[in-house]
Amino acid sequence: MNTKEFNSLLGSMTTLSEVTNLLNERGYTKHLNLKPTHLVCQGTETKLFPGEFIVDKHYRFEGPSDPGDEAIVFAISSSKHHLKGVLINGYGVSSETISDDMIKALDERNTENRA
């Protein structure tokens, strides 16, 4: 499946679980956690610092009435660590405080879109 087909399929999805399941099928199998200065891969505790990963694609979910339903799903890859994973992060009031370097690293516009 090429990028255009993939994005078209994602356009028809409405839930966070549908997107994360499709990303998993596309090889984004690791679960990542956001820390103030880096990402951590669950299970291996591998640390990914800015410059060691790229955001291939991101998807924003906005709850119609509950701000707690707001989240961003990041499809992230790292050639240095040979992994592809998913980071799910709330935004708004519940979002993490992160460094400026992490904000830049999570900005898809500064990367190649490969998801």
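Residues numbered from 1 in each chain as written. Predicted model: local features only at pLDDT ≥ 70, side-chain atom pairs only at ≥ 80, totals over all residues. Heavy atoms only, no water.

Caption draft 1: Region of the structure containing the packing of aromatic side chains. Throughout the structure, instances matching the rule amount to 0 aromatic pairs. Lying over the aromatic face of Tyr28, Lys84 brings its terminal NZ or CZ to 4.5 Å of the ring centre. (Phe/Tyr/Trp six-rings, centres within 6.5 Å; stacked < 30°, edge-to-face > 60°. Lys NZ or Arg CZ within 6 Å of the ring centre and 35° of its normal.)

Caption draft 2: Just the pattern of salt bridges, in detail. This structure, assessed with the given rule, holds 1 salt bridge. Across the salt bridge formed by Lys80 and Glu52, the nearest N and O atoms sit 2.9 Å from each other. Of this pair, Lys80 sits in the loop between strand E5 (71-78) and strand E6 (83-90) while Glu52 is found in the loop between strand E3 (47-48) and strand E4 (54-61), placing the two residues 28 residues apart along the sequence. (Salt bridge = Lys/Arg side-chain N within 4 Å of Asp/Glu carboxyl O. Helix = DSSP H or I, 4+ residues; strand = E, 2+ residues; numbered from the N terminus.)

Caption draft 3: Highlighting the sheet that holds E4. Taken in spatial order, the 6 strands line up as E3-E2-E1-E6-E5-E4 in an open sheet, and their pairing is mixed. Strands at the two margins of the open sheet, each flanked by one partner only, are E3 and E4. Where E4 and E5 come together, 7 bridges link them in antiparallel fashion. Counterpart to Phe61 in the pairing with E5 is Ala71. (Pairing = 2+ DSSP bridges.)

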